[in-house]
Amino acid sequence: MRVNIRVKAHASKVFVKKLGENSYTVSVTEPPEDGKANRGVIRALAKHFKVPQSNINLVSGHSARVKIVEIQN
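Remember, it's a predicted structure, so these values are computed and weren't measured experimentally.

Draft legend 1. Highlighting the overall build of the chain. Helix and strand counts for the chain stand at 1 helix and 5 strands. Reading the helices (α) and strands (β) of the chain from amino to carboxyl end gives β-β-β-α-β-β. Taken along the three principal axes of its C-alpha coordinates, the chain extends 30 × 20 × 20 Å. Across the 73 residues in the chain, those meeting the buried criterion constitute 34%. Residue pairs in contact within the chain that sit at least 24 positions apart in sequence constitute 28% of those at least 6 positions apart. Accessible area of the chain: about 4,700 Å², with a carbon and sulfur share of 48%. Across the chain, the mean location of the 13 positive side-chain charges is 7 Å away from that of the 5 negative side-chain charges.

Draft legend 2. Region of interest: helix H1 (residues 36–49). Its 14 residues place the ends of H1 20 Å apart at the C-alpha level, agreeing with the 20 Å of an ideal helix rising 1.5 Å per residue. Every buried residue of H1 is accounted for by Ala37, Asn38, Gly40, Val41, Ala44, Leu45 and Ala46. Check the buried side of H1 and you find it contacts strand S1 (2–8), strand S2 (15–18), strand S3 (23–27), strand S4 (56–60) and strand S5 (66–71). Residue Lys50 follows H1 closely and has a positive phi angle near 55 degrees.

Draft legend 3. Looking closely at the layout of surface pockets. The space that makes up the largest pocket amounts to roughly 260 Å³. The wall of the largest pocket is formed by 17 residues, among which Ala9, Pro32, Ala37, Ala64 and Lys67 lie closest to the centre. Elements supplying a minimum of two residues to the lining of the largest pocket: S1 and H1. In terms of residues, the lining of the largest pocket owes the most to one element, H1, which gives 4 residues. Looking at the lining of the largest pocket, its residues break down into 7 nonpolar, 4 polar and 6 charged.

Draft legend 4. Spatial organisation of the packing of aromatic side chains. Within the structure shown, the criterion is met by 1 aromatic pair. Arranged with centres 5.5 Å apart and planes meeting at 75 degrees, the rings of Tyr24 and Phe49 form a pair that is edge-to-face. Of this pair, Tyr24 sits in strand S3 while Phe49 sits in helix H1, placing them 25 residues apart in sequence.

The rules we used
Residues numbered from 1 in each chain as written. Predicted model: local features only at pLDDT ≥ 70, side-chain atom pairs only at ≥ 80, totals over all residues. Heavy atoms only, no water. Helix = DSSP H or I, 4+ residues; strand = E, 2+ residues; numbered from the N terminus. Buried < 20%, exposed > 50% of the residue type's maximum accessible area, 1.4 Å probe, protein only. Contact = heavy atoms within 4.5 Å. Areas by Shrake-Rupley, 256 points an atom, 1.4 Å probe, with all protein chains shown as cover. Lys, Arg positive; Asp, Glu negative; His and termini not counted. Charge placed at Lys NZ, Arg CZ, Asp CG, Glu CD. Expected span 1.5 Å × (residues − 1). 1 Å grid on protein atoms, 1.4 Å probe; cavity = no way out; pocket = protein on both sides within 12 Å on 5 of 7 lines; lining within 4 Å. Points joined across faces, edges and corners; volume = space filled by probe spheres on them. Nonpolar A, V, L, I, M, F, W, Y, C, P; charged D, E, K, R; others polar. Phe/Tyr/Trp six-rings, centres within 6.5 Å; stacked < 30°, edge-to-face > 60°.

Everything listed here is a matter of coordinates, which is why it stays silent on function.
Written out as structure tokens, the structure is:
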């Protein structure tokens, strides 16, 4: 399944909030540099969807706040 993600990096706590059918907001504590926030997003989504991190692939938006992520069940 593909989902649209809006990332809030450098937040005070980590959470995933569902906005719509395939839209989520993900807050991570990591800064948006050197891919740290992307790794935090993958960890948060893996925990939220209860899948291994290897089942989550960042499709687009590697350096943007809005990302498309593919999650394999």
